[in-house]
Amino acid sequence: MTTTELWCDRCGESATAAHPDCASARQLEPPRFCPRCRRRMKVQVLPVGWSAVCVEHGEIRG
């Protein structure tokens, strides 16, 4: 299974475009869009980190 990221996980636009604002913001906040399918993810922020769930590709944690 490949983990190719086609979409920006912050704004949902194509990952091939430059996203300097998204890159700097992602240092402080969790992803909002699935980088594989562009679906909006359910995000939960906890005191010890965060979790984001895509209905198609499952959960990622940070």
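Residues numbered from 1 in each chain as written. Predicted model: local features only at pLDDT ≥ 70, side-chain atom pairs only at ≥ 80, totals over all residues. Heavy atoms only, no water.

Asks: What is the right way to look at the sheet that holds strand 2 (residues 49–54) in this model?
Replies: Strand-to-strand pairing in sheets goes through backbone hydrogen bonds, with the strands running parallel or antiparallel. Read from one edge of the open sheet, 3 strands run 1-2-3, paired in antiparallel fashion. With partners counted over all chains shown, the strands left at the sheet margins are strand 1 (42–46) and strand 3 (58–61), one partner each. Taking each pair of neighbouring strands and ignoring which way they run, the sheet shows an average axis angle of 15°. Where strand 2 lies against strand 3, 4 bridges are found, and the strand directions are antiparallel. When the sheet's bridge partners are listed, Val 53 is paired in strand 3 with Glu 59. (Pairing = 2+ DSSP bridges. Helix = DSSP H or I, 4+ residues; strand = E, 2+ residues; numbered from the N terminus. Axes fitted to C-alpha atoms, helices over the stretch in contact; angles between N-to-C directions.)

Asks: When you look at the state of the cysteines in this model, what are you seeing that I'm missing?
Replies: Here, the word disulfide means a covalent bond between the sulfur atoms of two cysteines. Within the structure shown, the criterion is met by 0 disulfides. Of all cysteine sulfurs in the structure, the one in Cys 8 sits closest to Cys 22, which takes part in no disulfide; the separation is 3.7 Å. Judged by its relative accessible area of 8%, Cys 22 falls in the buried class. Note on Cys 54: no disulfide assigned, nearest cysteine sulfur contributed by Cys 37 at a separation of 3.6 Å. (Disulfide = S-S within 2.5 Å. Buried < 20%, exposed > 50% of the residue type's maximum accessible area, 1.4 Å probe, protein only.)

Asks: Teacher, can you tell me more about the environment of Gly 49 here?
Replies: Looking at the element boundaries, Gly 49 is found in strand 2. For the pair Gly 49 and Pro 30, spaced 19 residues apart in the sequence, the C-alpha separation amounts to 8.8 Å. Discounting chain neighbours no more than four positions away, the residues touching Gly 49 are Gln 44 and Gly 62. (Contact = heavy atoms within 4.5 Å.)

Asks: Can you walk me through the side chain of Ser 51 in this structure?
Replies: Relative to the assigned elements, Ser 51 resides in strand 2. Setting aside residues no more than four positions away along its own chain, Ser 51 makes contact with Lys 42, Val 43, Gln 44, Glu 59, Ile 60 and Arg 61.

Asks: Which parts of the structure should I look at to understand the side chain of Asp 9?
Replies: Topologically, Asp 9 is positioned in the segment before helix 1 (20–25). Setting aside chain neighbours within four positions, we find Asp 9 in contact with Arg 26, Pro 31, Arg 32, Phe 33 and Pro 35.

Asks: Looking at this structure, I do not really get the pairing of strand 2. What am I missing?
Replies: For strand 2, the tally of buried residues reaches 5 of 6 residues, placing the bulk of the element in the interior. Sheet analysis places strand 1 next to strand 2, joined by 5 bridges and oriented antiparallel. Bridging from a neighbouring strand, Val 43 pairs with Ala 52 of strand 2. If you look at the hairpin formed by strand 2 and strand 3, you'll find 3 residues sitting between the two strands.

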